[in-house]
Amino acid sequence: MSELIYMDNAATTAVRPEVFDKMAPFFMENYSNPSAIYSFAQEGKKAVEDAREQIASSLGAKPQEIYFTGGGSESDNWALKSVAESYRGKGKHIITTSIEHHAILHTAEYLEKQGYEVTCLGVDADGMVSLDELEKAIRPDTILISVMFANNEIGTIEPIAQIGAIARKHGVLFHTDAVQAYGHVPIQVDEMNIDMLSASGHKFNGPKGIGFLYIRKGIKIGSFIHGGAQERGRRAGTTNTPGIVGMGEASRLAHLEMEENMRKEAAIRDYLIEKIEKEIPFVKVNGSRTDRLPNNVNVCFRFVEGESLLIMLDQKGICASSGSACTSGSLDPSHVLLAIGLPHEIAHGSLRLTISPEITREQADYVVENLVQIVGRLRSMSPLYEDYVKNQK
């Protein structure tokens, strides 16, 4: 099989042709700044507001509750920093988890240096937050709970509605980083008691460099980028019309096709997991078996070094990862895998396959066939594996 097999959709996705076609006129034909008052700018302004309405509709939100940003990391930063600043009169305590994306964890570390106190909750072996521990962690000075909707590495979907209900009960704001979940699984902000939500266009077949932050009406937080009056004065900067239009169209298509896409992806996901477990010994599946993103497979191979595995898969035309794309340059094992209790030596042998609806069984078979060969070859060169086999005899 000579074709490229792309199984790193958690890192980024391809822009769909329909999305690109929708964006194209706003680069060269209707290139106006939608903040201008002349008639030439009105088509761009309308397109931006249509996208805002589409995204709001997908969440059961109001259009005026959607604020466009430069992506998921900006949205996460805005949520945490602005709540911290705006609600410091009530308290300086924030609750999050040990498996969050670094856009949350590093922002929390920054806030700690500014005098805030952060409680970082642990998770169980599946990466699930304990609702009891969460509620016990709430204090009179707690101002924000931030728990990701679904983990970007192991795919576990958290009990978001219950977390939101606990936050609401105690009068604490609840933010969720939904970058991996939005466009892939249903989300309704009212039903799930969500006050703020982050998402990024390039995770659901939209363009890079565009995202949004949902802020429930009535939440008083300040501007994140100061300057002009864009985004109702809360996020300055010239409106990225093509990006917003593309993200709106990607959102429309993702939600139109969501049920069918979830069915296709979950079938291939389960097929891959079953085949890997059956054909390769000493493998561990990471993340929840049931509460899991439909496109996520995450496994660890004992006696294998993950970077070598990825290089050899790449030589076979298979794109995969060992975890978050944002930490791909790090030699340390995934903080998520360590948080769910894996020792360093096993966490180093991790592989994340994140599929799309276009992945076929034939392609899945090709991936597993190569995994069998590559893992076998790497283990044959491992002194740890050799010692293990000797001790078993």
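The rules behind these values
Residues numbered from 1 in each chain as written. Predicted model: local features only at pLDDT ≥ 70, side-chain atom pairs only at ≥ 80, totals over all residues. Heavy atoms only, no water. Buried < 20%, exposed > 50% of the residue type's maximum accessible area, 1.4 Å probe, protein only. Helix = DSSP H or I, 4+ residues; strand = E, 2+ residues; numbered from the N terminus. Pairing = 2+ DSSP bridges. Core = buried A, V, L, I, M, F, W, Y, C linked by side-chain atoms within 4.5 Å. Contact = heavy atoms within 4.5 Å. Axes fitted to C-alpha atoms, helices over the stretch in contact; angles between N-to-C directions. Polar contact = N/O pair within 3.5 Å; in protein donor to acceptor, adjacent residues only side chain to side chain. Phe/Tyr/Trp six-rings, centres within 6.5 Å; stacked < 30°, edge-to-face > 60°.

J.: Let's hear about the pairing of strand E7 (residues 196–200): which residues, and what values?
T.: Looking along a regular strand, one sees side chains alternate from face to face of the sheet. Where burial is concerned, most of E7 is hidden: 5 out of the 5 residues are buried. On E7, burial covers both faces: Met-196, Ser-198 and Ser-200 on one face and Leu-197 and Ala-199 on the other are all buried. Here strand E6 (residues 173–177) pairs with E7 via 3 bridges, running parallel. Residue pairing in the sheet places Asp-177 in a bridge with Ser-198 of E7. Relative to strand E8 (residues 211–215), E7 is paired through 5 bridges, and the arrangement is antiparallel. Directly across from Ala-199, in E8, lies its bridge partner Phe-212.

J.: Explain the nonpolar core to me, and be specific about the residues and the numbers.
T.: By size, the foremost hydrophobic cluster in this structure holds 57 residues, and its most contacted members are Leu-59, Ile-145, Ile-187 and Phe-212. If you tally residues by element for this core, the top one is helix H3 (residues 42–59), at 5 residues. Discounting chain neighbours no more than four positions away, the residues touching Phe-212 are Ile-55, Leu-59, Ile-66, Tyr-67, Phe-68, Thr-69, Ser-75, Tyr-182, Leu-197, Ser-198, Ala-199 and Met-247. Core analysis: the next-biggest nonpolar cluster, separate from the first, contains 30 residues, Ile-276, Ile-280, Val-304 and Val-375 among them.

J.: Describe in detail the sheet that holds strand E3 (residues 93–97), supporting the description with residues and values.
T.: What the 7 strands build is an open sheet, ordered E2-E8-E7-E6-E5-E3-E4; its pairing is mixed. Each edge of the open sheet carries a strand with a single partner, namely strand E2 (66–69) and strand E4 (117–121). Taking each pair of neighbouring strands and ignoring which way they run, the sheet shows an average axis angle of 20°. Examined bridge by bridge, E3 and strand E5 (residues 142–146) share 3 bridges and lie parallel to one another. Bridge pairing in E5 places His-93 opposite Thr-142. Across the sheet, helix H7 (residues 160–169) is in contact with E5 and E6; its angle to E6 comes to roughly 155°.

J.: Describe the side chain of Ser-334, listing the residues and the values that go with them.
T.: For Ser-334, the location among the structural elements is in the loop between strand E11 (318–319) and helix H11 (335–339). Of the polar contacts made by the side chain of Ser-334, one reaches the backbone nitrogen of Val-336; its length is 3.0 Å.

J.: Provide a residue-level description of the packing of aromatic side chains, including the pertinent values.
T.: A full pass over the atoms with the stated rule returns 6 aromatic pairs. Each ring, one from Tyr-182 and one from Phe-212, has its centre 5.2 Å from the other, and the planes form 80°; the classification is edge-to-face. Remark: Phe-212 occurs in strand E8 and Tyr-182 occurs in the loop between E6 and E7; sequence separation between them is 30 residues. On the basis of an interplanar angle of 90° and a centroid distance of 5.8 Å, the ring pair of Phe-282 and Phe-303 is categorised as edge-to-face. You can see Phe-282 sitting in the loop between helix H9 (258–279) and strand E9 (283–285) and its partner Phe-303 sitting in the loop between strand E10 (296–301) and helix H10 (306–315), a full 21 residues away along the chain. The exposure class of Phe-282 is partly exposed, given its relative accessible area of 29%.

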